[in-house]
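# Structural overview
Each chain, written out:
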Amino acid sequence: MRFGALGRTALIGLVATLVITGCSSSDSKTGGASNANGLEKTDLLIGEYPGADAAPLFIAIEKGFFKEQGLNVKTEAIQAPQAVLPKLANGSMDVVLGSYATILSIQSQGLEKFKYIADSYQGAAGAFGVMVSKNSPIKSVGDLKGKKIGVNALVGLGVLTMNPHLKIAGLDPTKDVKYVVVPSTDWLKSLKSGAVDAVWMTDPYVSQAKNQDGATMLLDTMSGPTDSLPITGWAATEKWIGKNPKTMAAFQRAMAKAQNVAATDRSAVTKILPTFTQIPAATAATINLGNYPTSLNAQRIQRVADLMAEYGFIKNKIDVSSMIVTSQG
């Protein structure tokens, strides 16, 4: 998952485990949107990950929710918010989808001042976990002592969500296991070949490992102390929000409608996924999806910041409530 320092490469989570399939998309086929609502700007470029996290964005485009608000939205698939910080700083990109851990890491390092303006994706059972091969002798979390665990990044969602479970099992995450970087494209091969003893994966890789190789999930990393952990949200710079408050509110209104669709209609999500990712329609229909929260809740996101501080992902604690900009109606 999902988790920069914590860059998107560090936080695949969710989620951005897929190969980028295109550069842009737009909800307008006839040109610029009208400015009947007195918006500061009507043409927006949105940075997104080509995974389930971004489904509400593309639902909003498909259903014309942005157009209703007077917005003409184009999208750009990205690997990590860090890679597009210059664009966000100069205003050529307006809003970005980022893992909460990534944005918090950027904030902690003082690289940019961000605000969260909408929630996107939250962990759910079965979609993120530690997988072991079919005949693995590893039967419990405690059995991971002295073992190699493949993760997308050493400072990422996998490590962040595994550490609390290792601690509960009596293991020291810094001494008792060895995390090894394994790119998402090599997750299945590394597990099957025995190059590592276990691999932290996200769906659709979880489902593929089970169905193709008979692998089993040793640990659901969205359970217990990390149950329903927030994964990604929409962020904009303080500078951009200050210059474009009406535009931001219009974006929030459109996304709120789309988020509600994603939260209540799985078929809308599975239908849209193959249009902007490499997930085939048949796979989209069966994979384990996370949840789509319909409100931006500081207390919920604070859990991520607290975990990051506890395990040394950030040096100082962050008050997430200071980074939240709620819907403007």
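For the structure itself, look to the data block above.
One numbering rule holds for all chains: residues counted from 1, following each sequence as written. Side-chain atom pairs in this predicted model are given and counted only at pLDDT of 80 or more, local residue features only at pLDDT of at least 70, and totals for whole chains, interfaces and linings cover all residues. Side-chain metrics rest on all non-hydrogen atoms present in the structure, leaving aside hydrogens and water.

Along the chain, D265 falls in the loop between α9 (245-264) and α10 (266-276). Taking relative accessible area as the criterion, D265 reaches 31% and is therefore assigned partly exposed. Side-chain atoms alone can form a polar contact between residues adjacent in sequence; in general such a contact is a pair of N or O atoms within 3.5 Å, and within protein one must be able to donate a hydrogen while the other accepts it. Looking at D265, its side chain comes within polar contact range of the side chain of S267, at 2.4 Å. Runs of E in the DSSP output that reach at least two residues are strands. Runs of H or I that reach at least four are helices, and both are numbered from the N terminus. We call a residue buried when its accessible area falls under 20% of the maximum for its residue type, exposed when it is over 50%, and partly exposed in between, using a 1.4 Å probe and counting protein chains only.

Quick look at the pattern of salt bridges now. Whenever a carboxyl oxygen of Asp or Glu lies within 4 Å of a side-chain nitrogen of Lys or Arg, that contact is scored as a salt bridge. Counted according to the given criterion, the structure contains 9 salt bridges. Between D94 and K41 there is a salt bridge, with its nearest N and O atoms 2.7 Å apart. Note that D94 is positioned in the loop between α3 (85-90) and β3 (95-99) and K41 in the segment before β1 (43-48), a separation of 53 residues in sequence.

Bringing the nonpolar core into the picture now. In these notes, a set of buried Ala, Val, Leu, Ile, Met, Phe, Trp, Tyr and Cys residues joined through side-chain atoms within 4.5 Å is what counts as a nonpolar core. Grouped together as the largest cluster of nonpolar side chains are 107 residues, with contacts concentrated most on F66, Y116, L144, M201, W234, F251 and L273. Ranked by residues supplied to this core, first place goes to α9 with 8 residues.

For the rest of this paragraph, the subject is the sheet that holds strand β10 (residues 230-237). Strand pairing in a sheet relies on backbone hydrogen bonds. The paired strands run either parallel or antiparallel. Pairing within the open sheet is mixed, and its 5 strands lie in the order β2-β1-β3-β10-β4. In the strand order of this sheet, the two ends are held by β2 (72-77) and β4 (114-122), each with one partner. Pairs of neighbouring strands in the sheet enclose a mean axial angle of 25°, with direction left out of account. In this sheet, β10 lies alongside β4 in antiparallel orientation, the contact comprising 7 bridges. By the bridge assignment, D119 is partnered in β10 with G233. In what follows, a contact means two residues having at least one pair of non-hydrogen atoms within 4.5 Å. Between the N-to-C directions of two axes lies an angle of 0 to 180 degrees, each axis being a line fitted to C-alpha atoms and, for a helix, fitted only over the stretch in contact. Strands in contact with helix α4 (residues 100-109) are β3, β4 and β10; relative to β4, the strand with the most contacts, it is inclined by about 160°. Across the sheet, helix α12 (residues 298-310) lies against β4 and β10, angled at about 100° from β10, the strand it touches most. One requirement defines pairing of two strands: DSSP has to find at least two bridges between them.

Attention shifts here to the side chain of Q69. Locating Q69 in the fold gives a position in the loop between α2 (65-68) and β2. A relative accessible area of 13% places Q69 in the buried class. Leaving out residues up to four positions away in the same chain, Q69 has contacts with N37, L39, A250, R253 and A254.

This paragraph deals with unusual backbone geometry. For the bond running from D203 to P204, omega is 20°, close enough to zero to count as cis. Counting through the fold element by element, P204 comes out in the loop between β8 (198-202) and α7 (205-213). Backbone geometry at S228 places phi at a positive 55°, although glycine is not the residue there. Looking at the element boundaries, S228 is found in the loop between β9 (216-220) and β10.

Taken in spatial order, the 5 strands line up as β7-β6-β8-β5-β9 in an open sheet, and their pairing is mixed. Unpaired on one side and paired on the other, β7 (178-181) and β9 mark the two borders of the sheet. Strand after strand, the sheet turns through a mean of 35° between neighbouring axes, direction not considered. Taken together, the 4 bridges between strand β5 (residues 128-132) and β9 define a ladder with antiparallel strand orientation. Pairing of G129 across the sheet is with D220, part of β9.

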